[in-house]
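# A closer look at the structure
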Amino acid sequence: AQSVTQLDSQVPVFEEAPVELRCNYSSSVSVYLFWYVQYPNQGLQLLLKYLSGSTLVKGINGFEAEFNKSQTSFHLRKPSVHISDTAEYFCAVNSGGSNYKLTFGKGTLLTVNP
Amino acid sequence: GAVVSQHPSRVICKSGTSVKIECRSLDFQATTMFWYRQFPKQSLMLMATSNEGSKATYEQGVEKDKFLINHASLTLSTLTVTSAHPEDSSFYICSARGTGVRGSYNEQFFGPGTRLTVL
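Predicted, not measured: the structure shown is a model, and the values here were computed from it.

## Some details on the pairing of strand β9 (residues 73–78) of chain A
Residue and element names in this part refer to chain A. Taking burial as the measure, the six residues of β9 include five buried ones, the bulk of the element. The sheet contact formed by strand β3 (residues 19–21) and β9 spans three bridges and is antiparallel. Residue pairing in the sheet places V19 in a bridge with K78 of β9. Where strand β8 (residues 64–68) meets β9, five bridges bridge the pair, whose relative direction is antiparallel.

## Some thoughts on unusual backbone geometry
A cis amide bond links H7(B) with the next residue in sequence, P8(B), at an omega value of 0°. Within the fold, P8(B) resides in the loop between β1 (4–7) and β2 (10–13). Backbone geometry places E16(A), a non-glycine residue, at a positive phi of 75°. Inspection of the secondary structure puts E16(A) in the loop between β2 (10–14) and β3. Among the residues examined, E16(A) registers a relative accessible area of 60% and is labelled exposed. Despite not being glycine, T72(A) has its phi angle at roughly 45°, a positive value. Tracing the backbone through its elements, the reader meets T72(A) in the loop between β8 and β9.

## Looking at the interface of chain B and chain A
Of the residues lining the interface, 22 residues belong to chain B; the matching set on chain A comes to 20 residues. Between chain B and chain A, roughly 1700 Å² of surface is buried when both sides are summed, and carbon and sulfur atoms account for 52% of that area. Applying the counting criterion to the chain B and chain A interface returns two salt bridges. The partner of E59(B) in a salt bridge is K101(A), and the shortest N-O contact between them spans 3.0 Å. Between the two partners, chain B and chain A, sit six residue pairs in polar contact (both at pLDDT 80 or more).

## Some thoughts on the state of the cysteines
The tally for this structure, following the rule as stated, stands at two disulfides over all chains. Linked covalently through their sulfurs, C23(A) and C91(A) form a disulfide whose S-S length is 2.0 Å. On the sign convention where negative means left-handed, the S-S torsion of about -65° between C23(A) and C91(A) marks this disulfide as left-handed. Within this pair, whereas C23(A) is found in the loop between β3 and β4 (24–26), its partner C91(A) is found in strand β10 (residues 87–94), the two being separated by 68 residues in sequence. For C23(A), a relative accessible area of 0% gives the class buried. With relative accessibility at 0%, the residue C91(A) sits in the buried group. The disulfide bridge from C23(B) ends at C94(B), spanning 2.0 Å between sulfur atoms. On the sign convention where negative means left-handed, the S-S torsion of about 80° between C23(B) and C94(B) marks this disulfide as right-handed.

Conventions adopted
Residues numbered from 1 in each chain as written. Chains lettered and ligands numbered in written order. Predicted model: local features only at pLDDT ≥ 70, side-chain atom pairs only at ≥ 80, totals over all residues. Heavy atoms only, no water. Buried < 20%, exposed > 50% of the residue type's maximum accessible area, 1.4 Å probe, protein only. Helix = DSSP H or I, 4+ residues; strand = E, 2+ residues; numbered from the N terminus. Pairing = 2+ DSSP bridges. Contact = heavy atoms within 4.5 Å. Buried area = accessible area lost by both parts, 1.4 Å probe. Salt bridge = Lys/Arg side-chain N within 4 Å of Asp/Glu carboxyl O. Polar contact = N/O pair within 3.5 Å; in protein donor to acceptor, adjacent residues only side chain to side chain. Disulfide = S-S within 2.5 Å.

So, in structure tokens, the structure goes:
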């Protein structure tokens, strides 16, 4: 079985400050990891994904994440946030298999204040 | 590329009626489609997985007779909420994965969601 824990349900920051959204996972097999962003009343947009290779993954909108196998973490970071980054962020894991099911964390609401 | 649409974007219906939600992959062939339910300020809960031409596989606790899923073609899946009740009110999101999308291995592409309100 696989599971995802997002340690912070809400993260308030000021504009232009750095931010880190934490994600830990558990799985008995190799994993594929994803970060999605959801704006109000919209679907999910992929920010970045880790499938294999380099543990530092760069995504859209200036976000990046680092896969740490020993700590089973996949934290999302941005060096300088904008008001427009205010949204819900979901970490998700897929352990492969024929059905490619995703397991989502509970989400972190990032609020960027002026 | 890799666009998924949903229709309608929001629907209001009376208790006891049935509602159909469509999910379409616009520029790729969706071999697998997923239906999720999301309650306010909560995460996505997978309801079912459907492969084109096969019966859907429902997650534990999801009533298959209540939530009918059809994936009759490689670009269309439908979710029908039968005899809807107020507790079925939620945000329903579909996603799709498939062939012909460059660099998309193991990635699901999400629709914009459908807000269902049952009065």
